[in-house]
Structures are given as C-alpha cells and as structure tokens.
Amino acid sequence: MINEHNIPAFEELVGHEFDRKSLLFQAITDSSYFQGWDTPVSDDYGTLELLGDAILRVAVVDYFSTCRLPEGWGVSKRRIEGLAQSNEFLYGVAKEIMLDDFWRIREEVVSRWPEGRQRKLPANMMEAIIAAIYRDRNFEEACRFVDRHINSRIERLFEFPRDDWMYNLRSLLPEEKQDLLRIEEITQTMNGQDNGSTTWQVFFEDQALSRVTGKDSEMAQDSAAFISLVFFMKT
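Residues numbered from 1 in each chain as written. Predicted model: local features only at pLDDT ≥ 70, side-chain atom pairs only at ≥ 80, totals over all residues. Heavy atoms only, no water.

1. Concerning the overall build of the chain
Here's step 1: Scanning the chain from N- to C-terminus turns up 10 helices and three strands.
Here's step 2: Taken from N to C terminus, the helices and strands of the chain fall in the order α-α-α-α-α-α-α-α-α-β-β-β-α.
Here's step 3: By sequence separation, contacts in the chain at least 24 residues apart represent 62% of the contacts at least 6 residues apart.
Here's step 4: When the accessible area of the chain is evaluated, it comes to approximately 12100 Å², of which 46% is carbon and sulfur surface. (Helix = DSSP H or I, 4+ residues; strand = E, 2+ residues; numbered from the N terminus. Contact = heavy atoms within 4.5 Å. Areas by Shrake-Rupley, 256 points an atom, 1.4 Å probe, with all protein chains shown as cover.)

In structure tokens form, the structure reads like this:
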C-alpha cells in the first residue's frame, strides 16, 4: 500500500513525479479503503477514472492512426485499439508493472467481490492514474504514460510472426513450463438457457491471466490469448 516512504518507488514505476501528491493518492484509492471511517480524508479514484478513460481513448487512437500493421498480420486497427483499452489488458499491465503493490484498498472488503469486479479495479485505477497525470501536468504527459505502458506493449505484439496467440504465448515460455498454460471455454447461461455468449479464460500455473466474453467464440478466444501476452512482455 502506498505511504510517504514508498511514493518515489511508485512514481518511478509510473514514470511521473507528481507535484500534487493528493492526485496520486486519489488515483489509487478505492472507496472500500474508507469503510469504517467517520469522515473520509480524501476522494477515491472514481471521478478521475472517467476522465482517464477519455484520455486513454484519444491517446490510443492517435497512436495507432499513424502506426502501420505488419503485412498479413490479420488483426484490424480498430480491434487493436479496442483491446488496448479493454479492462483485461489494463489489468494485465497493472499486474505486470506491479502497481497493485500500492493500491489503497480494504482487502477484507475487496476479497468478497466477484472475480470480474476484482479484476476491473486495477484497470479503473490505471485510467485514474492517466487523469491524475493530466491534472498534475498536462495532456501530453498523460499521453506519454499511455505510450510508455500501453501502446508500447501493443506495438511489441507486431513482432510476432503469426496470428495464433496461444502459439505465441507458449513461445515465450521455457519448454518445461509450456504445459502450465491452458485456455478454457465457459458457456454463458441466463435462467439456465444458453445466451449465445462464450467466455474464454487463460490460465498459467492456475492463475487467471485474462477472461474475455463475446458472441463470436473464436474472436473471444483469440482476444483472451492476445491480452495474456502482456504478462510475459517486459518493456
């Protein structure tokens, strides 16, 4: 959890030194942190997240509007932009750069949340950090954060030679660990009836890396594997 002693470590991971530390604290504070308090001493990330989401969309679309995809890569720019902004991808980035070591949350509250809500929290806080940097400095600095931590990871995927993301995932692992990577299909139901959606979840060493639901089962499977690559890419 963030405190006055490890602020420099957090800022180094983020790549931005905050002039207004209150924005830093707000961006990584969930409302659960204040449960049991008579009066919260600061705001949570909620209002920043909405602004950060808007900045993220602009930064991603602008970046990939001038980016040329490899010939025959098989994935559209629009789909790339959507994946870069997805909760699952942002969750992966937050975990990979270890920002979750600093969140201000109440563990006993968050641990009771459904898995989907728990995974969405780091994604929301990533967007809140983007907005905090914007308010602390300017739009260009916020876009640099997006380029450094999100767009650069997407662009690295262009290095892979084929449109088979589970193959690409396994290629990043030592041979003795490749069998620890698996992908599972979960059919979504409503009132006991198949609702036409399918969820694909990627696991490594029994840890869930990504979870994607969609009407197009093949695309959902592909997206789940694609997003999971972020856990194995060091920038």
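Back to the write-up after that little detour.
2. Description of helix α8 (residues 139-156)
Here's step 1: Given a rise of 1.5 Å per residue, 18 residues ought to cover 26 Å, and the 24 Å separating the end C-alpha atoms of α8 matches this to within 8%.
Here's step 2: Along α8, the sharpest kink reaches roughly 45 degrees, centred on D147.
Here's step 3: All buried positions along α8 are accounted for by E141, A142, C143, F145, V146, H149, I150, N151, R153 and I154.
Here's step 4: On its buried face, α8 is in contact with α1 (7-14), α3 (46-65), α4 (77-84), α5 (87-96), α7 (115-136) and α10 (217-228).
Here's step 5: Its side-chain oxygen at 3.3 Å from the backbone nitrogen of E140, N138 defines the N-terminal cap of α8. (Expected span 1.5 Å × (residues − 1). Bend = angle between axes of the 7 residues up to and from the residue. Buried < 20%, exposed > 50% of the residue type's maximum accessible area, 1.4 Å probe, protein only. Polar contact = N/O pair within 3.5 Å; in protein donor to acceptor, adjacent residues only side chain to side chain.)

3. Overview of the nonpolar core
Here's step 1: Ranked by internal contacts, the top residues of the largest apolar core, which has 71 residues, are F10 and I129.
Here's step 2: Looking at which element gives the most residues to this core, the answer is α7, with 10 residues.
Here's step 3: Setting aside its immediate chain neighbours within four residues, F10 contacts I2, F18, L24, I28, L99, F102 and I129. (Core = buried A, V, L, I, M, F, W, Y, C linked by side-chain atoms within 4.5 Å.)

4. Observations regarding the layout of surface pockets
Here's step 1: There is about 260 Å³ of room inside the largest pocket.
Here's step 2: As for the largest pocket, its lining consists of 13 residues, of which K95, I105, V110, Q118 and P122 are closest to the centre.
Here's step 3: Where the lining of the largest pocket is concerned, the elements lending two or more residues are α5, α6 (107-110) and α7.
Here's step 4: Of all the elements, α7 adds the most residues to the lining of the largest pocket, at five residues.
Here's step 5: Residue composition of the lining of the largest pocket, by class: six nonpolar, two polar and five charged. (1 Å grid on protein atoms, 1.4 Å probe; cavity = no way out; pocket = protein on both sides within 12 Å on 5 of 7 lines; lining within 4 Å. Points joined across faces, edges and corners; volume = space filled by probe spheres on them. Nonpolar A, V, L, I, M, F, W, Y, C, P; charged D, E, K, R; others polar.)

5. Some points on a nonpolar patch on the surface
Here's step 1: There is a patch of nonpolar side chains on the surface, built from V58, Y134 and F139 and spanning about 240 Å² of accessible area.
Here's step 2: Structurally, Y134 can be placed in helix α7.
Here's step 3: For Y134, a relative accessible area of 33% corresponds to the partly exposed category. (Patch = residues over 30% accessible without salt bridge, like charges linked within 9 Å, V, L, I, M, F, W, Y side chains within 5 Å. Salt bridge = Lys/Arg side-chain N within 4 Å of Asp/Glu carboxyl O.)

6. Some remarks on the side chain of H149
Here's step 1: Along the chain, H149 falls in helix α8.
Here's step 2: Reaching out from H149, the side chain makes a polar contact with the backbone oxygen of L13 at a distance of 3.4 Å.

7. Considerations on the packing of aromatic side chains
Here's step 1: Scanning the entire structure with this criterion turns up three aromatic pairs.
Here's step 2: Taking the centre distance of 5.4 Å and the plane angle of 70 degrees together, the rings of F10 and F102 count as edge-to-face. One end of the pair, F10, is in helix α1; the other, F102, is in the loop between α5 and α6, with 92 residues separating them in the sequence. By the burial criterion, F10 is buried, and F102 matches it.
Here's step 3: An angle of 80 degrees between the planes, with centres 5.0 Å apart, marks the rings of Y63 and F64 as edge-to-face. (Phe/Tyr/Trp six-rings, centres within 6.5 Å; stacked < 30°, edge-to-face > 60°.)

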